[in-house]
Amino acid sequence: MTTLTVPGGYTKTAWEKIVRRGRKLMKEKSGIQWALGDLVIEALDGHSRGHGEVNQVIKTLAHQIGANPETLRFYYDVARQWPKAKRRKDVSFTVHATLAYVPSRYILIRKDPYDPFTKEHRWTVNEAQKVANRAVHTPTNQEERLAHTRRLLHTDEDAAKAVTEMLGRPDVRARLASDQHARHLMRQAQYEHWRGVDEAAEAEAELASADDAAEVEEEFEEEAAPLGVRYSEAPMEILRLIGAFASFSVSLQRIIPEVHSQDYTEETKQAVLDNVHKARMLLDWCETAITTGRTDPDKALARLMKDEEGE
């Protein structure tokens, strides 16, 4: 027998003895499965195999020999896919069943694959599942472990709970903190969360009564009164200016908390700073227009706007 991995608490000799007995029993089990599948094939030979006939024969036979009809049908289907001359006696029935619908199965079955779990060259269910592109029961590498985990955590609730527990491990937190993509996803999640909170608050406000809305509007106008602005009387261009400032302010308040400068290149940072400079120039222009009445931009700003129009 090939050298096996021995679990703790066993001697090498004792464990190899257990494995030999287990493999012998698996061969005996496979023999019975093949025999039952072949029995159904023989029972159907020369008889009609139209719609319903096969199931009726299998169901009747299963009940009369004390077998499960679905199990007997399974043995029959596998036996049909593997003619006796193509089967390997030293490979389990389950492996044959896993490969039953792989087009190149007759060629594949001839060569034993390397099993990283047992460190042997032999057909196992795990290796057969890989060949058949099915989910493996015993993951042996990171890709298989991740795929297995995704299947187990198929609900968002379970996945979120698992992630929360994993964040309790310092090494996991450190790896995520050093991963730029992970940081980006967390910032995106925070943004989406607070955007949802804002939208919920806005929806709740829209459901407020007309009286409450009127009171809020009256209070807002009273607060604005010291500035000498009555929104019902203000010129349209002033309202548009105030609206632009309000929109600008709200946008920055939402976006700036997401900024993490350590993730950006110098070119990216400079692009933002250039826009900050442009914004300052525009604000200075607005201030000049309001305080002096001069609405024409200075030379630097005029040149800047001309350059942007030409882009």
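Below is a short write-up of the structure. (Residues numbered from 1 in each chain as written. Predicted model: local features only at pLDDT ≥ 70, side-chain atom pairs only at ≥ 80, totals over all residues. Heavy atoms only, no water.)

A short note on the overall build of the protein chain
Counted only if it meets this: Each helix is a run of DSSP H or I of at least 4 residues and each strand a run of E of at least 2, with the numbering of both proceeding from the N terminus. Each residue's exposure class comes from its accessible area (1.4 Å probe, protein chains only) as a fraction of the maximum for that residue type: buried when under 20%, exposed when over 50%, partly exposed otherwise. Working rule for contacts: check all heavy atoms of both residues, and any pair within 4.5 Å makes them a contact.
Secondary structure assignment for the protein chain yields 14 helices and two strands. Counting across all 311 residues of the protein chain, residues that qualify as buried make up 20%. Contacts in the protein chain between residues far apart in sequence, at least 24 positions, make up 38% of those at least 6 positions apart.

What to know about a nonpolar patch on the surface
Quick note on the threshold: The patch calculation keeps residues exceeding 30% relative accessible area without a salt bridge and links them within 9 Å when they carry like charges or within 5 Å when they are nonpolar (Val, Leu, Ile, Met, Phe, Trp, Tyr). In these tables, accessible area is a Shrake-Rupley quantity obtained with a 1.4 Å probe, and a residue counts as shielded only by the protein chains included in the view. The working definition used for a salt bridge is a side-chain nitrogen of Lys or Arg within 4 Å of a carboxyl oxygen of Asp or Glu.
Together, F248, L252, I256, V259 and Y264 make up a nonpolar patch on the protein surface, roughly 430 Å² of accessible area in all. Mapped onto the secondary structure, Y264 falls in the loop between α12 (236-255) and α13 (266-292).

Some details on the packing of aromatic side chains
Our working definition: Think of it this way: a Phe, Tyr or Trp ring, Trp meaning its six-membered ring, pairs with another when their centres are within 6.5 Å, and the plane angle makes it stacked under 30 degrees, edge-to-face over 60, tilted otherwise.
Tallied over the full model, the rule gives six aromatic pairs. An angle of 85° between the planes, with centres 5.9 Å apart, marks the rings of F74 and F93 as edge-to-face. Within this pair, whereas F74 is found in helix α3 (residues 69-81), its partner F93 is found in helix α4 (residues 93-98), the two being separated by 19 residues in sequence. The class for F74 is partly exposed, based on a relative accessible area of 40%. Look at F93 and you get buried, because its relative accessible area is 0%. With a centroid separation of 5.5 Å and 90° between ring planes, the pair formed by Y75 and F93 is classed as edge-to-face. Of this pair, Y75 sits in helix α3 while F93 sits in helix α4, and the two are 18 residues apart along the sequence. Classification of Y75 as buried rests on a relative accessible area of 14%. Each member of the aromatic cluster is reached from another via a ring pair, and the members are W34, F74, Y75 and F93.

Here's the deal with the side chain of T124
The condition is simple: Contacts described as polar in this section are N or O atom pairs within 3.5 Å, which, within protein, must combine one atom able to donate a hydrogen with one able to accept it, while residues neighboring in sequence count only if both atoms come from side chains.
With respect to the helices and strands, the residue T124 is situated in the loop between β2 (120-121) and α6 (125-131). At 3.2 Å, the side chain of T124 forms a polar contact with the backbone nitrogen of E127. Contacts of T124, omitting those with residues within four sequence positions, involve V95 and D115.

Regarding the pattern of salt bridges
According to the stated counting rule, one finds eight salt bridges in the structure shown. Where K12 meets E16, a salt bridge forms, and the shortest distance between an N and an O atom there is 2.8 Å. Here K12 and its partner E16 are both found in helix α1 (residues 12-44), four residues apart, which amounts to about one turn of the helix. A relative accessible area of 12% places E16 in the buried class. Linked by salt bridges that have partners in common, R88, D90 and D112 make up one network.

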